[in-house]
Amino acid sequence: MTDAPWTGDASSLVEAFRSGDRSPIEEMEATLAAADATRLNCFSHLDPEMAIAKAAKADTSKPFGGVPLGVKELDHYEGWPATQASLLFAEEVATDTSLNVDRTEKLGGAVPFGLTTASEFGGLNVSNTRLNGVTGNAWKPEMTPGGSSGGSASAVAAGICPLASGGDGGGSIRIPAGFCGLPGLKTTAGRIPRGPNASVHPMTVVNGVLARSVRDLARHLDVASGYDPVDPYSLPRRDGWEANLGSYGDSLRGRRAVISPDLGVATVNPEVARRVRDAGEALAADAGLVLVDVPVELPGLGLEWAMGNLCHLRHELGDDWRDKLQQLTPAMAFGLEMADSAMNLDTMGAAEAARTRANATLAELFAQVDFIISATNPDTAFPAHLEVNTRVAGTKVDLGNNGALTIPYNIVGNPAISIPVEQLNGLPVGMQVASRHHSEELLLDLAALAEAQCPWPLVAPNIS
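So, how was this worked out
Residues numbered from 1 in each chain as written. Predicted model: local features only at pLDDT ≥ 70, side-chain atom pairs only at ≥ 80, totals over all residues. Heavy atoms only, no water. Phe/Tyr/Trp six-rings, centres within 6.5 Å; stacked < 30°, edge-to-face > 60°. Helix = DSSP H or I, 4+ residues; strand = E, 2+ residues; numbered from the N terminus. Pairing = 2+ DSSP bridges. Contact = heavy atoms within 4.5 Å. Axes fitted to C-alpha atoms, helices over the stretch in contact; angles between N-to-C directions. Buried < 20%, exposed > 50% of the residue type's maximum accessible area, 1.4 Å probe, protein only. Polar contact = N/O pair within 3.5 Å; in protein donor to acceptor, adjacent residues only side chain to side chain.

A. Structural view of the packing of aromatic side chains. The full count for this structure, using the stated rule, is four aromatic pairs. Ring centres 6.0 Å apart and planes at 90 degrees place the aromatic pair Phe 89 and Phe 121 in the edge-to-face group. Taken together, the positions of Phe 89 in the loop between strand 2 (68-72) and helix 4 (99-106) and Phe 121 in the loop between strand 3 (111-116) and strand 4 (128-129) put the pair 32 residues apart, joining distant regions of the chain.

If you want it as structure tokens, here you go:
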């Protein structure tokens, strides 16, 4: 009998299934028990009956065969709640399944068992909502796991499940990965198709997973990436992500990298910056990268990012949207009112011009370097009850500071990965490495090298 869920990565769990050391049905029972018992409030819905039935029929020959899969509540899973983490849609039920989740289940063999909490409509980098309450971090429950994929990150870091779906529209995979001590990959826009029925504009959101190891991230790309007609901007399929992991050492040597903890745009805790610089220098030495000193001054794009996404929410809520504001989290209600008063043809044109300039800025940078190394988050995880953090190491910061390090790569579409590095005051610190479009294999190899040289805890030391 399996008393507690697997605390290794998903790939090793599949190996245990195949060897007979674990069974999918017992693993699922342990996972459901842990999900039901956790104090982290990282699940909004569990489906034990369906999960046990599917685990009993799991095909362990598949890449994630039998692995319990948490599903981010902003994704759809047919027959499950489709609340968008909002009171406004508390009674909605999904009539389809998100393509990323569908491929992870059907092609990968993973077994969905419940929905993980997220921020309302994915609009904040915390996971606090009027619908679900406050989600805690597995490292310290009183601190935030980030968002919007906060419940997924917390569940994986807490040892409840080794894999959970995520989405990154402004850092929503990388931010919680950084706060929870996990590797987190934001792929090139279009690598994993979105849909069905996903909005196209503003082209900032990519799909992915929260996992405990780099090989799990690579394996997920083998399962979930590749063109699908429901997403007209999805990229052609590439195979061999896991098989080729660790094989790009010769290609990495001699490539140029710049370390800029704050990207010239964010206020970053000096102790976080020091850890990122130290880890970046160590990674460069191990990989044979050439560190160069070029100016990095990325634009602050928080307002442009918010406007591009809020227009969809405004349309979805309808003409009586003002009557619904009290049901929203305060920060989302404020954002809607601000967007309604500020958005017009001039401001939308200015936002698109800012996106164009951001693309030019990053294109110029990547003409000089292959990798940009920074912090993932300006600081370690802040108190979980806050909707927006306004202080970094005692310094007052503006609202846009929280996503300033991650949003540029969503606006322009570059791949970026968060890698756990040295902790600070018992909380994880994430180092972000970004590269040119379509170069995820190099980022995965750098992360795998960091993982091998300085292994990180696969689950939080004090599981809650």
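B. Expanded view of the sheet that holds strand 14 (residues 416-424). Pairing in this open sheet of six strands is mixed, and the strands run 7-14-15-11-9-10 from one edge to the other. Edge strands, defined here as strands with exactly one partner in the open sheet, are strand 7 (184-186) and strand 10 (290-291). Of the strand pairs in this sheet, strand 11 (residues 371-375) and strand 15 (residues 427-435) are connected by five bridges, and their pairing is antiparallel. The residue of strand 15 that forms the bridge with Ile 372 is Ala 434. Docked against the sheet, helix 12 (residues 345-368) engages strand 9 (256-259), strand 11 and strand 15, running at close to 115 degrees with respect to strand 11.

C. Spotlight on helix 7 (residues 214-224). Counted residue by residue, helix 7 has 10 buried out of 11 residues, so it is predominantly covered. Buried within helix 7 we find Val 214, Asp 216, Leu 217, Ala 218, Arg 219, His 220, Leu 221, Asp 222, Val 223 and Ala 224. Those residues of helix 7 that are buried are in contact with helix 1 (10-19), helix 4, strand 7, strand 8 (206-211), strand 14 and helix 14 (440-453). The opening residue of helix 7, the one whose side-chain oxygen lies 3.2 Å from the backbone nitrogen of Asp 216, is Ser 213. A positive phi of about 115 degrees marks Gly 226, the residue just after helix 7.

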